[in-house]
Amino acid sequence: MKHQSRLSEVARVFFKLGCVAFGGPAAHIAMMEHEIVDKRKWIDRQHFLDLMGATNLIPGPNSTEMTMHCGHERAGVPGLFVAGICFIFPAVVITGVFAWLYESYGSLPSVSPFIFGIKPAVLAIIVAAILKLGKKALKNWELGFLGILVLMASLLGVNEILALLVGGVLGALYFYLKTSFSGSLKSFLPFLMVNFTGTSDSGLTSLKVFWVFAKVGAVLYGSGYVLFAYLDAELVTRGWLTRQELIDAVAVGQFTPGPVLSTATFIGYQLSGFWGAVAATLGIFLPSFLFVLVLNPLVPKMRKSRLLGYFLDSVNIAAVAVMVAVLFKMGADTLIGWRSILIAVVSLVITFGFKKINAMWTVIGGSLLGYLLNLI
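Rules of the game
Residues numbered from 1 in each chain as written. Predicted model: local features only at pLDDT ≥ 70, side-chain atom pairs only at ≥ 80, totals over all residues. Heavy atoms only, no water. Helix = DSSP H or I, 4+ residues; strand = E, 2+ residues; numbered from the N terminus. Buried < 20%, exposed > 50% of the residue type's maximum accessible area, 1.4 Å probe, protein only. Contact = heavy atoms within 4.5 Å. Areas by Shrake-Rupley, 256 points an atom, 1.4 Å probe, with all protein chains shown as cover. Core = buried A, V, L, I, M, F, W, Y, C linked by side-chain atoms within 4.5 Å. Axes fitted to C-alpha atoms, helices over the stretch in contact; angles between N-to-C directions. Parallel < 35°, antiparallel > 145°, perpendicular 65-115°, else oblique. Nonpolar A, V, L, I, M, F, W, Y, C, P; charged D, E, K, R; others polar. Phe/Tyr/Trp six-rings, centres within 6.5 Å; stacked < 30°, edge-to-face > 60°. pLDDT = per-residue confidence, 0-100. Expected span 1.5 Å × (residues − 1). Polar contact = N/O pair within 3.5 Å; in protein donor to acceptor, adjacent residues only side chain to side chain. Left-handed = near helix turned anticlockwise from the far one by under 90°. Disulfide = S-S within 2.5 Å.

**Remarks on the overall build of the protein**
Okay, so step 1: Of the regular secondary structure elements, the protein holds 15 helices and zero strands.
Okay, so step 2: Taken across its 376 residues, the protein has 53% of its residues classed as buried.
Okay, so step 3: Counting only contacts in the protein whose residues sit at least 6 apart along the sequence, the fraction spanning at least 24 positions is 75%.
Okay, so step 4: Just so you have it, the protein exposes about 16,900 Å², and 70% of that area is on carbon and sulfur atoms.

Below, the structure is given as structure tokens:
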């Protein structure tokens, strides 16, 4: 009964997050940190940081993989799958509805007035998470200096995965050499799937759609813009999809809650109807479940190893630095008028002045305020 109760709790928490998690991976992780560490205390902040740092080094949607880690911590392997599915499900359903509307009417419903207020609101949530996670990750001045270097590199356009890896390796070597020359190195390299797509582009079946998206899900690092590039190469160049259809699909993934990879559902529907949507969704998310299933038990072992412990500390501060860079970029894109600045200020006041208020209400309030301000 206790295990079933925990599974139900995992399902409720991540379904709720899946319904309101707008704003991209940094915002998703910020909301998760509030729910899992602060509110429910399933894991401590250090372990959350370790999971976040390790997850940044494997392919797939990082925030979705973090839901799987948190579900595993609370309810074991079943919790991993329940958390991931419940987080993904709302976005997939909403995206599927948009795909049907797009296919039936050739256009998408206007939701921009509501979306306008969400981004300024999630900026406040990200700020709060950065302060809490940064305080835990910043264990000494050397890590602080490393974090500044990673932040500068990210703002200058260096790939975030490269910045994380280099930061982790440099930090691990520095601290290892600083203390002693003893210890052993154990490494983990993610399994990369081979090209399962056939050479023939004729007869586009649901199975072929599945393999196309499984390959993308197995090697995808980075943001939705990287996803755009992958899908352009896989689908547009083969003539399966027009570039405008791909742009519309990525846009749907950006303004629906949850992971941007729900774009796959939209595209799968365009390619092969309902079962194409199912195949694309399964294909793009299945590798993440497998990666996390392998990685989760290794994280505590990495922490116990001195050298890998230093690596985790360095990757953790680098991950926080990347979040800061994302915050700067989002702020520059979002805070471009008095309306968005007002929503951001109100959201900051609510986030820091009323700390017991759930981040979900900040998102909903920002959305409604954005709609009302756009009427002025």
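**Thoughts on the nonpolar core**
Okay, so step 1: If you look at the biggest cluster of nonpolar residues, it comprises 71 residues, and the most contacted ones within it are F14, F48 and M52.
Okay, so step 2: At 17 residues, helix α13 (residues 306–334) tops the list of elements feeding residues into this core.
Okay, so step 3: Those residues in contact with M52 that sit more than four places away from it in its chain are I29, M66, L133, A319, V320 and M323.
Okay, so step 4: Counting 37 residues, the second largest nonpolar core, distinct from the first, contains A214, A249, F266 and I284.

**Observations regarding the packing of helix α2 (residues 25–39) against helix α4 (residues 62–105)**
Okay, so step 1: Axis separation between α2 and α4 bottoms out at 10 Å; the angle between their running directions is 30°. With respect to their mutual orientation, α2 and α4 come out roughly parallel. Residues P25, H28, I29, M32 and I36 of α2 form the contact with α4, whose participating residues are S63, M66, T67, C70 and F87.
Okay, so step 2: Class assignment of the residues belonging to the contact of α2 with α4 gives a composition of seven nonpolar, three polar and no charged.

**Describing the packing of aromatic side chains**
Okay, so step 1: Counted according to the given criterion, the structure contains six aromatic pairs.
Okay, so step 2: Taken together, a centroid distance of 5.4 Å and an interplanar angle of 5° make the contact between F81 and F289 stacked. Remark: F289 occurs in helix α11 (residues 263–295) and F81 occurs in helix α4; sequence separation between them is 208 residues.
Okay, so step 3: Classification of F81 as partly exposed rests on a relative accessible area of 30%.
Okay, so step 4: F289 gets classed as buried once you look at its relative accessible area, which sits at 7%.
Okay, so step 5: When the ring of Y174 is compared with that of F175, the centres are 5.1 Å apart and the planes differ by 80°; the resulting orientation is edge-to-face.
Okay, so step 6: For Y174, a relative accessible area of 39% translates into the label partly exposed.
Okay, so step 7: Residue F175 is classed as buried on the basis of its relative accessible area of 10%.
Okay, so step 8: Grouped by ring-pair contacts, the aromatic residues Y174, F175 and Y310 constitute a single cluster.

**As for the confidence of the model for the protein**
Okay, so step 1: In this model, the protein carries an average pLDDT of 82, and 88% of its residues clear a pLDDT of 70 or more.
Okay, so step 2: In the model, residues 182–202 has pLDDT below 50 throughout and makes 41 contacts with residues more than four positions away in sequence or in other chains.

**Topic: helix α8 (residues 206–219)**
Okay, so step 1: For α8, with 14 residues, the first-to-last C-alpha span of 20 Å sits near the 20 Å given by 1.5 Å per residue.
Okay, so step 2: Counting buried positions along α8 gives ten out of 14 residues, so the element sits mostly inside the fold.
Okay, so step 3: Among the residues making up α8, those that are buried are K208, V209, F210, V212, F213, A214, K215, V216, G217 and A218.

**Some remarks on helix α3 (residues 45–55)**
Okay, so step 1: Among the eleven residues in α3, eleven count as buried, and that is most of the element.
Okay, so step 2: For α3, the N-terminal cap is D44; the gap from its side-chain oxygen to the backbone nitrogen of Q46 is 3.2 Å.

**Observations regarding the side chain of T281**
Okay, so step 1: Here T281 is to be found in helix α11.
Okay, so step 2: Only 2.7 Å separates the side chain of T281 from the side chain of T265, close enough to count as a polar contact.
Okay, so step 3: Polar side-chain contacts of T281 include one of 2.7 Å to the backbone oxygen of A277.

**A closer look at the side chain of N296**
Okay, so step 1: Summarising the element assignment, N296 is placed in the loop between α11 and α12 (298–304).
Okay, so step 2: Here N296 is in contact with L51, H69, H72 and E73, once residues within four sequence places are set aside.

**Describing the packing of α4 against α11**
Okay, so step 1: Between α4 and α11, the shortest axis-to-axis distance is 10 Å and the interhelical angle comes to 165°. The angle between α4 and α11 falls in the class roughly antiparallel. Between α4 and α11 the crossing geometry is right-handed.
Okay, so step 2: Its residues assigned to classes, the contact of α4 with α11 shows 19 nonpolar, nine polar and two charged.

**A look at the state of the cysteines**
Okay, so step 1: Scanning all chains against the criterion turns up zero disulfides.
Okay, so step 2: A disulfide-free cysteine, C86 has its sulfur positioned 9.8 Å from the sulfur of C19, the nearest such atom.
Okay, so step 3: Exposure remark for C86: the relative accessible area of 16% places this residue in the buried category.

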